[in-house]
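Reading the structure
Listed below are the residues making up each chain.
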Amino acid sequence: RRHATQAWLQLPDAAEALYMSGSFFHYSAGWGSLRLEELHAEARSLFLLTAFKPKGSELLRKRALQAVERSRGSGGRRGADRE
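Reading the values: rules and limits
Residues numbered from 1 in each chain as written. Predicted model: local features only at pLDDT ≥ 70, side-chain atom pairs only at ≥ 80, totals over all residues. Heavy atoms only, no water. pLDDT = per-residue confidence, 0-100. Helix = DSSP H or I, 4+ residues; strand = E, 2+ residues; numbered from the N terminus. Buried < 20%, exposed > 50% of the residue type's maximum accessible area, 1.4 Å probe, protein only. Patch = residues over 30% accessible without salt bridge, like charges linked within 9 Å, V, L, I, M, F, W, Y side chains within 5 Å. Areas by Shrake-Rupley, 256 points an atom, 1.4 Å probe, with all protein chains shown as cover. Salt bridge = Lys/Arg side-chain N within 4 Å of Asp/Glu carboxyl O.

1. With respect to the confidence of the model for the protein
Where the model shows low pLDDT, its predicted coordinates should not be examined in detail. Counting all residues, the mean pLDDT for the protein is 77, and 86% of those residues have values of 70 or more. Element-level pLDDT for the protein is lowest in helix H1 (residues 2–9), with a mean of 74, against a maximum mean of 87 in helix H3 (residues 56–73).

2. So, the environment of arginine 63
Summarising the element assignment, arginine 63 is placed in helix H3. Judged by relative accessible area, which is 46%, arginine 63 ranks as partly exposed. As for arginine 63 and glycine 30, which are separated by 33 residues in sequence, their C-alpha atoms are 9.3 Å apart.

3. A closer look at a nonpolar patch on the surface
Judged by side-chain polarity, Leu18, Leu34, Leu36 and Leu49 come together as a nonpolar surface patch covering roughly 310 Å² of accessible area. By the element assignment, leucine 18 lies in helix H2 (residues 14–28).

Here you go:
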């Protein structure tokens with residue numbers, strides 16, 4: 001915990017804070033939505049992140065729909081290149 005706090009405190013600017021936050025949400029996967037608000041303080045900008053993480057069944061449904069879309073985009077010929 002201490003290392004994460006130190007990393008946040010040592011960020012040089014708001015762009016780095018946004019990059020670090022975006023990376024967390026990208027690599028922790030499964031988030032349904034993310035909302036970002038900027039709060040202006042005297043010393044520096046503060047960001048408020050609000051996220052929604054769907055239930056396991058909703059996440060599985062979303063992944064299944066994405067797989068169907070991908071297979072449609074490739075013409076449904078997933079293993080055709082191997083023949």
